[in-house]
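# Close look at the chain arrangement
Residue strings, one per chain:
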Amino acid sequence: MLHTMRWFGPQDPVSLFDLRQAGCAGVVTALHQLPVGAVWPEADIRARQRLIEADNATHAPLHWAVVESLPVHEAIKKGLPARDAYIEAYQQSLRHLAACGVRTVCYNFMPMLDWSRTDLAYALPDGSRALRFVWQDLAMFDLCLLQRPGAAADYTPAVAAAARRQFAGMSADAAAQLARTVLRGLPGAEESFALTGFQALLDEYAAVDAAALREHLHYFLRAVAPVAQALGMGLAIHPDDPPFPLLGLPRVVSTEADLAGLLAACDVPANGLTFCTGSLGVRPDNDLAGMARRFGPRIHFVHLRATRREADPRTFHEADHLAGDVDMYAVVGALVREEERRRATSAAAPALPMRPDHGHQMLNDLHQPGANPGYSAIGRLRGLAELRGLEYGIRRALAEGPPS
Ligand code: DNO
Ligand code: MN
C-alpha cells in the first residue's frame, strides 16, 4: 500500500519532514483555505504541490496522493435548485485536479456535521489521550443544551433521564466545553457552528429524510462520477462517522447496504469508497473484512483505525490501531490480496493509498498543545508503524508461507 498521512497545510504543526520520518511516501491534503463550493483553481493546486515537493530533490520524495476532502456543498445534500451550479463547480475542480495529476478524491455526505465526538481528551490506562463518543453526552447536548424539539424520541427513556440528571450536576464550563466539542467541527470539517442559530440550520433539513438524502447523493454521483471516470480519477466517499443519525439529521453512508446502493447508483469504477475501518467498525453489524473483499475493486483509499465499543450503546473510543473491535489482520489481508489482484491484471496498477486515520496524543505530544485532535504526530507514527509491520508480515506470509 502507499503509506500516507494527512497534512493540513502550512499551518499544520506537524511538518512534511515529520511525515517523511514516519515513513510516508504520499501526502493527503486539501485546500482548506477555499470556501466550500468554490472551484479549486489550478494555480492553487499547483502551489500546494510545490510546497509538498519543495525538498524532493535532496530528501525522500513526497507527492500529493489524495485530496481529503473536496467538500460537498450543503445545497447538494439538501437537493436545492442551486445544487446544479455547485455540481458544475465540483466537476470543474475535478478537471483541475486531474490536470495536475491528483487523481484520488475523498469526500463525505454527512449533513452539516462532519465527524463527531463528545470528548477529545479521553484518558487511556497508559496515560495517552484518545477521542471518544458518548451517546449519553450527545443526548445531554441535544436535550438540555440545544433543546431540539422532538429530540426525546431519539433516546430511550433511561438514556434521556440519565442525561438530564448528569446535566443538572454539571458545571457551566463543562457544559460549554461539551457544546464546543460537538459544534466546533473536528479537523477537516470545513464548518463549525455556535449554539445560537444552530437549531435554525437544523430546521433547513426538516424536509430531508434518509430517502431524500440518499436520492440527493445518487443525483450527485450520477453527475460527477462519469466526469471522474473520463478523467481517470477515483472518487472515494468517506462513511458516516459515527455511522448512525445524529441530532435528527439523516445519515446514509453507514452500512454495507448503503455502500452497495451508492456504488450501484452510478456503476463506474471511478465511483468508489474510502474504506474507513474506524467509522464503519463502530457498528457491530458491519463485517469489515467481508466488505473489504466484496468492495475491493471499488476501494480507492483506505483509513485504518480501530474503535472499541463500550458497554453503553453507541458509545465508543478510538483504541490502539491493532487493539480495537476491528479485525485488522483480516482487513489488511483482504486489502493486500486486492492489491495483488490489481497488479496481476496490470503490472502498472498504482499502490492503494492508506493512512493511519487518527492516533492518540502521547509522549511529547501530550505537552505540546496545538496539534489537531486525532492528528498529532507521534500517535499516528505509532499507528502507521504497527500497520506497516502487519502489512509486511502478511505479504511475506502470503509469498513464502509462515516462517519455519
Ligand atoms: C474520520 C476522518 C474524517 C474524514 C472526513 C472525510 O474518520 O477521517 O475527518 O476525513 O469526514 O470527508
Ligand atoms: Mn476516516
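The name an unreviewed UniProt entry assigns to the protein is Mannonate dehydratase, from the organism Hymenobacter caeli. Taken from UniProt, the Function (unreviewed entry) comment for the protein reads in full: "Catalyzes the dehydration of D-mannonate."

What follows concerns the domain arrangement of the protein. With domains assigned, the protein is organised as domain 1 (2-116 + 208-400) and domain 2 (119-200). Here domain 1 and domain 2 have C-alpha centroids that lie 26 Å from each other. Tallying the contact residues gives 30 residues for domain 1 and 25 residues for domain 2. Element by element, the count of residues in the side of domain 1 that touches domain 2 is highest for strand β11 (residues 316-318), at three residues. Looking at side-chain class alone, the side of domain 1 that touches domain 2 contains 13 nonpolar, twelve polar and five charged residues.

A separate point is the sheet that holds strand β12 (residues 353-356). One closed barrel accounts for eight strands, arranged β1-β2-β3-β4-β7-β8-β9-β12; its pairing is parallel. If you compare each strand with its neighbour and ignore which way they point, the axes differ by 30° on average. As paired strands, strand β1 (residues 2-6) and strand β2 (residues 26-29) are joined by three bridges and run parallel to one another. Across the sheet, residue M5 finds its bridge partner in β2, namely V27.

The next thing to look at is the nonpolar core. V27, V105, V224 and L235 are the most contacted members of the largest nonpolar core, which has 95 residues in total. Both domains that meet at this core, namely domain 1 (2-116 + 208-400) and domain 2 (119-200), each give it at least three residues. For V105, the residues in contact, after removing those within four places along its chain, are V67, L70, L94, L97, M233, L235 and A236.

Our next topic: helix α9 (residues 210-230). Its 21 residues place the ends of α9 30 Å apart at the C-alpha level, agreeing with the 30 Å of an ideal helix rising 1.5 Å per residue. A maximum bend of about 30° is found in α9 at R222, where proline P226 lies one to four positions downstream. Burial in α9 covers these residues: L213, H216, L217, F220, L221, V224, A225 and A228. Close packing links the buried residues of α9 with α3 (74-78), α4 (83-99), β7 (234-238), α10 (256-265) and β8 (271-276).

What counts and how
- Residues numbered from 1 in each chain as written.
- Chains lettered and ligands numbered in written order.
- Predicted model: local features only at pLDDT ≥ 70, side-chain atom pairs only at ≥ 80, totals over all residues.
- UniProt positions renumbered as here; feature names shortened; annotations may be inferred.
- Domains from an automatic or database assignment.
- Contact = placed C-beta atoms within 7 Å.
- Helix = DSSP H or I, 4+ residues; strand = E, 2+ residues; numbered from the N terminus.
- Nonpolar A, V, L, I, M, F, W, Y, C, P; charged D, E, K, R; others polar.
- Pairing = 2+ DSSP bridges.
- Axes fitted to C-alpha atoms, helices over the stretch in contact; angles between N-to-C directions.
- Core = buried A, V, L, I, M, F, W, Y, C linked by C-beta atoms within 7 Å.
- Buried ≥ 20, exposed ≤ 12 C-beta atoms within 10 Å, placed from the backbone.
- Expected span 1.5 Å × (residues − 1).
- Bend = angle between axes of the 7 residues up to and from the residue.

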